[in-house]
Amino acid sequence: MENVKLFTLRNPKSIVSEAFRTLRTNIQFTNIDKSIRTIVITSSGPGEGKTIVVSNLAISIAQTEKRVLLVDCDMRKPRIHKVFGINNREGLTNILMGEKVLADVEYRGEESIKSLTVVTSGPIPPNPSELLGSRRMKDFLEDMRDHFDMIIIDSPPINLVTDSAILSTIADGTIMVVEVGKTEAEAAINGKELLDKVNANLLGVVLNKIPTKERSYYNYGYYHYNEYYGDDEGGRRKKRRKSR
Ligand SMILES: Nc1ncnc2c1ncn2[C@@H]1O[C@H](COP(=O)(O)OP(=O)(O)OP(=O)(O)O)[C@@H](O)[C@H]1O
Ligand SMILES: [Mg+2]
């Protein structure tokens, strides 16, 4: 696992890792009354940082010794295997086809994150939406709940394909990644509407790639859907007021 994109693993003391710990804590708070075990990460468009956020979030949770399963459900452009530097010959698709079980395809994290298990996408199927919406997928996630404290799912852009909406209906919660300065408001709203249509439980929004000039330390921000918590709240409010 050599990839530098795994900030939380390579540099746990960095400010980015700290931001992921904040995200982790916020999710735990969201979790107080409801049992949120399965979380889908999506975003409106491509390249906004879903895979990076989902990978670092999974590591950050695993660092608390919670048993975490990270599953690559982006069966169109799977990337989790690249981020972790592992092969993708076998993965979720093989499980869903009934050819393999978790133990055959899982990748266990290295020593410092023993409680992380990664399942890559496996071979790209011709019908991702169908596969992700199948009885087998539901059963797989249901089964995994007995073995893991948290199941974190990477998915494709919601405005482009229905896969994330489908996944949101079988997960307990969904988080949207928004790329600061790139994601158009209209696209983000459209994505949220698609989630609303399937009654997804939108837990919050992660702001990714916040320019460091504007915010000298946090590269990530997390908003709960209705309000948000964090050290920068005052600063951001001030800024918003200024721009009025
Ligand atoms: N906070 C960040 N700071 C710097 N680079 C980032 C950050 N987040 C993501 N990136 C980079 O942006 C690119 C896209 O990230 P990523 O693959 O995670 O996006 P994605 O939303 O999963 O894309 P896709 O829709 O293709 O699945 C990658 O090169 C990644 O390394
Ligand atoms: Mg991705």
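For clarity, every value in this text was computed on a predicted model and none was experimentally measured. Residue positions are given per chain, counted from 1 along the sequence in the order it is written. Chains and ligands are labelled sequentially in the order written, the chains with letters from A and the ligands with numbers from 1. Per-residue local features of the predicted model are confined to residues with pLDDT of at least 70, and side-chain atom pairs are confined, for both listing and counting, to 80 or more; whole-chain, interface and lining totals are unaffected and use all residues.

Novice: Whenever I open this one, the site of ligand 1 confuses me. Can you help?
Specialist: To decide whether a residue is near a molecule or strand, its C-beta atom is placed from the backbone and checked for lying within 6 Å of it. The full set close to ligand 1 counts 16 residues, and Pro-46, Gly-49, Lys-50, Thr-51 and Ile-52 are the nearest of them. With 3 residues, the single largest contributor to the shell around ligand 1 is helix H3 (residues 50–62). Residue polarity is assigned by list, with Asp, Glu, Lys and Arg as charged and Ala, Val, Leu, Ile, Met, Phe, Trp, Tyr, Cys and Pro as nonpolar; anything else, Gly included, falls into the polar class. Its residues assigned to classes, the shell around ligand 1 shows 3 nonpolar, 6 polar and 7 charged. Strands here are runs of E lasting at least two residues and helices are runs of H or I lasting at least four, both read from the DSSP assignment and numbered beginning at the N terminus.

Novice: When you look at the confidence of the model for the chain in this model, what are you seeing that I'm missing?
Specialist: The predicted coordinates should not be examined in detail at positions where pLDDT is low. For every residue, the predictor states its confidence as a pLDDT score lying anywhere from 0 to 100. The pLDDT averaged across the chain works out to 85; a share of 83% of its residues lies at or above 70. By definition, residues are in contact whenever their C-beta atoms, placed on the basis of the backbone, come within 7 Å of each other. Within the model, the stretch residues 214–218 combines pLDDT values under 50 with 7 contacts to residues more than four positions away or in other chains.

Novice: Sorry, what's going on with the nonpolar core here?
Specialist: Nonpolar side chains in soluble globular proteins tend to be buried together. Residues enter a nonpolar core if they are buried, belong to Ala, Val, Leu, Ile, Met, Phe, Trp, Tyr or Cys, and are joined to the set through C-beta atoms within 7 Å. Neighbour counting defines burial: a residue surrounded by 20 or more other C-beta atoms within 10 Å of its own C-beta is buried, one with 12 or fewer is exposed, and intermediate counts give partly exposed, using backbone-placed C-beta atoms. Grouped together as the largest cluster of nonpolar side chains are 59 residues, with contacts concentrated most on Ile-41, Ala-58, Val-68, Leu-70, Ile-152 and Ile-153. At 8 residues, the largest contribution of residues to this core is made by H3. Those residues in contact with Ile-41, other than ones at most four positions away along the chain, are Lys-50, Val-53, Val-54, Ile-152, Ile-153, Asp-154, Ser-155, Ile-175 and Val-177.

Novice: Before we go on, may I ask you to explain helix H9 (residues 163–170) in this structure?
Specialist: For the α-helix, the turn length of 3.6 residues means that residues three or four positions removed from each other point alike. With respect to burial, H9 is a largely interior element, 6 of its 8 residues being buried. Among the residues making up H9, those that are buried are Asp-163, Ser-164, Ala-165, Ile-166, Leu-167 and Ser-168. Those residues of H9 hidden inside the fold are in contact with strand S1 (38–43), helix H7 (128–132), strand S5 (150–154), strand S6 (173–179) and helix H10 (185–197).

Novice: I'm lost on the pairing of strand S7 (residues 202–208) in this one. Help?
Specialist: Consecutive side chains of a regular strand alternate in pointing toward one face of the sheet and then the other. Of all the 7 residues making up S7, 6 are buried; the element is thus mostly covered by neighbouring parts of the structure. One requirement defines pairing of two strands: DSSP has to find at least two bridges between them. Here 6 bridges tie S6 to S7, and the two strands are oriented parallel to one another. By the bridge assignment, Glu-179 is partnered in S7 with Asn-208. Looking down the strands as they point away from you, a crossover is right-handed if its path from the first strand over the helix to the second goes clockwise. Traced from S6 through H10 to S7, the parallel crossover comes out right-handed.

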